[in-house]
Amino acid sequence: MPLEKIDDNIWLAEGEIVSFYGLPYPTRSVIIRLPGGDLWVWSPVALTDALRQAVDALGPVAHLVSPNPIHHLYLSDWQRAFPDAALWGPPGTIAKRRDLAFTGALGDTPPPAWAGGIDQWHLQIGRRFSEVVFLHRPSRTAILTDTSEAFDHDFLHRHWSRWQRGIARLLGITEDPGRAPLDLRLLSLPRRAPLRSRVQQLIDSAPPRVVMAHGTWQHTDGAAWLARSFRWLGVTPPG
């Protein structure tokens, strides 16, 4: 099936495997139906005919969201398919994709279109790289992109060679828990205090679920999992 229902008004779409610096990465999108019926699409994946039909059955696509400058591959396809949709991204994505017309830059404050239903935090990792993480309030689902990656062993053995699996272990992106890759953790060193504050707010919101773009997403105990995943930031566990 092109869509997997997580809870009321929130779905997953699993995309194709793409090459990221020669490493096979799975892709995943989240689709949320806002209270007025419009659809909010996070990190769009390849738009197949089957996915297009499934999305059309849910409602009109109103918002296309790039959560960080790496997740932009399919924005053009979705914008052509849904020309009335607003396009959003952090400053890094907007600077990278000057060929696209963005509605606005994402920061800590949600745009009025989804304020009250989806919270967000802007994580400035480095001078040029940042990621916006989200919390879908009705389902209490946290949504992260590359600040937490949790590749399961089965996927790695099927798609990554032995030396590539060694890189995965070095990067710290194998499951239980997945973490931000080592390069992002090192890049964040000068900015860890504001990062810690924002991530702590997400943890304190006590999400039971955590959906990431890459790897095994967490169906239960999401806040505790996030605290382990972001232990390198010095966050406080829930409770």
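Chemist: Looking at this structure, I do not really get helix α7 (residues 192-204). What am I missing?
Modeler: What sets the pattern is the α-helix's 3.6 residues per turn: residues three or four places apart point alike. With 13 residues, α7 ought to run about 18 Å at 1.5 Å a step, and its terminal C-alpha atoms sit 18 Å apart, in line with that. Inspection of α7 places R192, L195, V199, Q200, L202 and I203 among the buried residues, and these make up the whole buried set. Viewed along the axis of α7, the buried residues span an arc of 155°, placing them on a single side of the element. At the C-terminal side of α7, A206 shows a positive phi close to 55°.

Chemist: Would you mind showing me how to read the sheet that holds strand β10 (residues 118-124) here?
Modeler: Strand pairing in a sheet takes place through backbone hydrogen bonds and is either antiparallel or parallel in direction. Taken in spatial order, the four strands of this open sheet run β10-β11-β12-β13, and their pairing is mixed. Only two strands of the sheet have a single neighbouring strand rather than two, namely β10 and β13 (209-212). Between one strand axis and the next, the sheet turns through 20° on average, direction left out of account. Examined bridge by bridge, strand β11 (residues 130-136) and strand β12 (residues 141-144) share three bridges and lie antiparallel to one another. Its bridge partner lying in β12, H136 is registered against T141. Sitting on the sheet, helix α8 (residues 222-229) touches β12 and β13, and the angle it makes with β13 is about 50°.

Chemist: Even after reading the chapter, I still don't get the environment of Y74, so can you show me in this structure?
Modeler: Tracing the chain through its elements places Y74 in the loop between β7 (61-65) and α2 (75-81). You can call Y74 buried: its relative accessible area is 12%. Taking the C-alpha atoms as reference, Y74 lies 22 Å from P111; in sequence the two are 37 residues apart. Beyond its immediate sequence surroundings of up to four residues, Y74 is in contact with E16, V18, P44, V45 and A46.

Chemist: When you look at the sheet that holds strand β2 (residues 10-14) in this model, what are you seeing that I'm missing?
Modeler: Spatially, β1-β2-β5-β6-β7-β8-β9 is the arrangement adopted by the seven strands of the open sheet, whose pairing is mixed. For this open sheet the edge positions go to β1 (4-7) and β9 (104-105), each flanked by a neighbour on one side alone. Bridge analysis of β7 against strand β8 (residues 86-89) gives three bridges, and the strand direction is parallel. By the bridge assignment, H63 is partnered in β8 with A86. Each of β2, β5 (28-33), β6 (39-42) and β7 touches helix α1 (residues 49-58); the most contacted strand, β5, lies at about 20° to it.

Chemist: Which parts of the structure should I look at to understand unusual backbone geometry?
Modeler: Glycine aside, a negative phi is what most residues show, and trans is what most peptide bonds show. In the Ramachandran plot, N9 falls in the positive-phi region, its phi being about 65° despite a non-glycine side chain. In this fold, N9 is placed in the loop between β1 and β2. The class for N9 is partly exposed, based on a relative accessible area of 30%. Here Y21, not a glycine, exhibits a phi torsion of approximately 55°, which is positive. Here Y21 shows up in the loop between β3 (18-20) and β4 (23-25).

Calculation rules
- Residues numbered from 1 in each chain as written.
- Predicted model: local features only at pLDDT ≥ 70, side-chain atom pairs only at ≥ 80, totals over all residues.
- Heavy atoms only, no water.
- Helix = DSSP H or I, 4+ residues; strand = E, 2+ residues; numbered from the N terminus.
- Expected span 1.5 Å × (residues − 1).
- Buried < 20%, exposed > 50% of the residue type's maximum accessible area, 1.4 Å probe, protein only.
- Arc of directions from axis to C-beta.
- Pairing = 2+ DSSP bridges.
- Axes fitted to C-alpha atoms, helices over the stretch in contact; angles between N-to-C directions.
- Contact = heavy atoms within 4.5 Å.

Interpretation note: all reported values are geometric properties and have no functional meaning in isolation.
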